[in-house]
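Residue strings, one per chain:
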Amino acid sequence: MSCQVKPIVAIETSCDETAVAVYQLGEGLLSQALFSQVELHALYGGVVPELAARDHVARLPELFQKALSDANLQVGDIGGVAYTAGPGLVGAVMTGASFGRSIAQTLGVPEVPVHHLEGHILSVLLDGAIELRPFPWLTLLVSGGHTLLIRVDGWGRYSVIGESIDDAVGEAFDKAAMVLGFDYPGGRALAELAASGDDGAVRFARPMLAKGSLDFSFSGLKTAFATQHKKMRHSNEDLAASYQAAIVDVLVKKVLLACDAVSPNLLVLAGGVAANQRLRDELAAVRGVKVVAPAMAYCTDNAAMIAVAGALRQAGGGVESVSGVRARWDLSELSGFAVESQFFALDEA
Ligand code: KG4
Ligand code: ZN
C-alpha cells in the first residue's frame, strides 16, 4: 500500500444522522456505518438539537470501531480524518468535529474539515463508474435545509445562483406529510403515497417569483396544501400527487432557466430530495444536458460523501483551515483544489 493514497476516515454529525465511513482514493468506499436518529425526533415533529448532539456523542465510538473493522483496517492504516465542520446544527456539528480532531491528533494524521454541502455536491463521485464532463456543472441541491442551484466552475469552486427565499423543498415535503399524519421527516412517505394518486386532481400554483429569477419559494404551496386538505374534497393520494407535481414542476423549470444561464456540461443532483423518483425521472428527460444523481443511499446525509470530499481536498492541496465549527458557511468561501486524472477524469463534453 506504500505508493497508494492511504484510506481516510470521515465523520458526519451535522443533523440527525451519526455516520462514519472509510474511503480510499482509487479504491472507493471501503465501509460505512450509519445510525439514523429519526425515531428519536419523530415524537417532536422535527430535530431537537440537544437530543441530536447527545446521541451523536453516545454512538460515535461504536460506529467508528465498526467502520474500521468492516474495512479490515487498524487505526494505524488511516492517513487522515475528515469531518463535517459545518454548516448545520452547531452542537451536533461540534460533537463529530471534536471526535474527529481528537482521533487525528492521537494518530498524528491530518484533520480535514469538510463543508457538508460540498459533500452532497460530490456524492455522485461515490459511483466509481461515473462519466464526468468538463466544468461548468450545474448542481441542484435539494434537502431538508437547502434548495440551491449551484454553478460549479472547477473542483471546489462554487457559486450559488439560486436559492429558496423561504422554506427548503424538503421542508415543503415534510410539512405537507405532517398534515397527512406522517411522522417527521415524511417526504419519502408523501412521495410513496403520490405514486397511486392523480397528479392533475388539484391544480396547485407553481410559484416562480420574478421573471427569470432562479430563486424558489415554497411556503405558499405548503399553506395551499393545508387549505385543500381541510376542504376534504380529494383523497390523500390525489393531494400528494398534485402537490409533488407542483414542486417538481417548479424545480425542473428553474433548472431549465439555470441551464440557459450556465450552459453546463453536467447536471448534478444532490441532497435528500434528490431521492425523489419523479424529480429524477423528469430531470433525466431534460434534453441537451447529461444528468447524474447519487445512488439513493447517498442522497440523504451520510459520511461517505464527506469522505470523498475530504480525500480529494487532502490529495489536492485544498484542506480548509477551520478553527472551531461553522454553523453558517458560504460555499463560495471554499478554495479550489486539484484532482489527478487517475482518480476522476473529465471526459470529452
Ligand atoms: O439531505 P438530507 O438527508 O438532510 C438534510 O441535510 O436536510 O435530506 C432530508 C430531506 C427530508 O426533508 C426528507 O423528507 C427528504 O429529504 N426526502 C424526500 C425523499 N426522500 C427524502 N423528499 C421527497 N421525496 C423523497 N423520496
Ligand atoms: Zn445534508
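Just so it is clear, the model here is predicted, and its values are computed rather than measured.

Turning our attention to the overall build of the chain. Each helix and strand in the chain was counted, giving ten helices and ten strands. The C-alpha radius of gyration of the chain comes to 20 Å, within 12% of the 20 Å expected for a compact globule of 349 residues. Across its three principal axes, the chain shows a C-alpha extent of roughly 65 × 50 × 30 Å. By the burial criterion, 53% of the 349 residues in the chain qualify as buried. At a minimum sequence separation of 6, the contacts of the chain that also span at least 24 residues come to 71%.

It is worth spelling out the sheet that holds strand 7 (residues 147-154) at this point. Spatial ordering of the open sheet is given by 8-7-6-9-10, a layout of five strands whose pairing is mixed. At either margin of the open sheet sits one strand with a lone partner, and together these are strand 8 (157-163) and strand 10 (290-292). Across the sheet, the mean angle from the axis of one strand to that of its neighbour is 25 degrees, orientation sign disregarded. Here strand 6 (residues 137-142) pairs with strand 9 (residues 266-270) via five bridges, running parallel. For Leu140, the partnering residue across the bridge sits in strand 9 and is Leu269.

It is worth spelling out the sheet that holds strand 2 (residues 17-24) at this point. Taken in spatial order, the five strands make up an open sheet running 3-2-1-4-5, and their pairing is mixed. Single-partner strands in this sheet number two, and they are strand 3 (28-36) and strand 5 (111-115). Shown here is a sheet whose adjacent strand axes are inclined to one another by a mean of 20 degrees, direction ignored. With five bridges connecting them, strand 4 (residues 80-86) and strand 5 associate as parallel partners. Each residue of the ladder has a partner; that of Thr84, found in strand 5, is Val114. On top of the sheet, helix 2 (residues 49-70) reaches strand 1 (8-12), strand 2 and strand 3; it is set at about 25 degrees to strand 2, its chief contact. Strands strand 1, strand 4 and strand 5 of the sheet are contacted by helix 3 (residues 90-107), whose axis makes an angle of about 160 degrees with strand 4.

So, on to the coordination of the zinc ion (ligand 2). The coordination sphere of the zinc ion (ligand 2), as far as protein atoms go, consists of His116 (NE2), His120 (NE2) and Asp301 (OD), spread over 2.1 to 2.2 Å. For the zinc ion (ligand 2), the donor residues sit on a single chain with the sequence spacing H-x3-H-x180-D. You can see His120 sitting in helix 4 (residues 116-122) and its partner Asp301 sitting in the loop between strand 10 and helix 10 (304-315), a full 181 residues away along the chain. Look at Asp301 and you get buried, because its relative accessible area is 14%.

Turning to the domain arrangement of the chain, a few remarks are in order. By the assigned domains, the chain splits into domain 1 (8-126 + 298-333) and domain 2 (137-293). Centre-to-centre separation of domain 1 and domain 2, based on C-alpha positions: 27 Å. Here domain 1 packs against domain 2, burying approximately 1,700 Å² in sum over the two surfaces, 76% of which is carbon and sulfur. Taken together, the links from domain 1 to domain 2 amount to two residue pairs in polar contact (both at pLDDT 80 or more). Listing elements by their share of the side of domain 1 that touches domain 2, those giving two or more residues are helix 1 (38-42), helix 4 and helix 10. Taken together, the residues of the side of domain 1 that touches domain 2 sort by class into eleven nonpolar, five polar and two charged.

What follows deals with the packing of aromatic side chains. In total, this model carries nine aromatic pairs according to the counting rule given. Pairing Phe64 with Phe99 gives two aromatic rings, centres 5.8 Å apart and planes at 80 degrees, and the pair type is edge-to-face. Remark: Phe99 occurs in helix 3 and Phe64 occurs in helix 2; sequence separation between them is 35 residues. Residue Phe64 shares its accessibility class with Phe99, and that shared class is buried. Aromatic side chains Phe225 and Tyr243 sit 4.7 Å apart centroid to centroid with 55 degrees between the ring planes, which places their arrangement in the tilted category.

In the neighbourhood of ligand 1, 19 residues make up the surrounding shell, with Gly144, Asp174, Gly272, Asn276 and Asp301 lying closest. Taking Gly187, its main chain carries an N or O atom lying 3.2 Å from an oxygen atom of ligand 1. Contact distances for ligand 1 include 3.0 Å between a nitrogen atom and a side-chain N or O atom of Asn276. The fraction of the free accessible surface of ligand 1 (560 Å²) that becomes covered by protein chains is 87%. Breaking the shell around ligand 1 down by element, the ones donating at least two residues are helix 4, helix 5 (169-179) and helix 6 (187-194). In terms of residue class, the shell around ligand 1 is made up of six nonpolar, ten polar and three charged.

About the criteria used
- Residues numbered from 1 in each chain as written.
- Chains lettered and ligands numbered in written order.
- Predicted model: local features only at pLDDT ≥ 70, side-chain atom pairs only at ≥ 80, totals over all residues.
- Heavy atoms only, no water.
- Helix = DSSP H or I, 4+ residues; strand = E, 2+ residues; numbered from the N terminus.
- Rg over C-alpha atoms; globule rule 2.2 N^0.38 Å.
- Buried < 20%, exposed > 50% of the residue type's maximum accessible area, 1.4 Å probe, protein only.
- Contact = heavy atoms within 4.5 Å.
- Pairing = 2+ DSSP bridges.
- Axes fitted to C-alpha atoms, helices over the stretch in contact; angles between N-to-C directions.
- Donors = N, O, S within 2.8 Å, 3.2 Å for Na, K, Ca; no water.
- Domains from an automatic or database assignment.
- Buried area = accessible area lost by both parts, 1.4 Å probe.
- Polar contact = N/O pair within 3.5 Å; in protein donor to acceptor, adjacent residues only side chain to side chain.
- Nonpolar A, V, L, I, M, F, W, Y, C, P; charged D, E, K, R; others polar.
- Phe/Tyr/Trp six-rings, centres within 6.5 Å; stacked < 30°, edge-to-face > 60°.
- Near = heavy atom within 4 Å.
- Areas by Shrake-Rupley, 256 points an atom, 1.4 Å probe, with all protein chains shown as cover.

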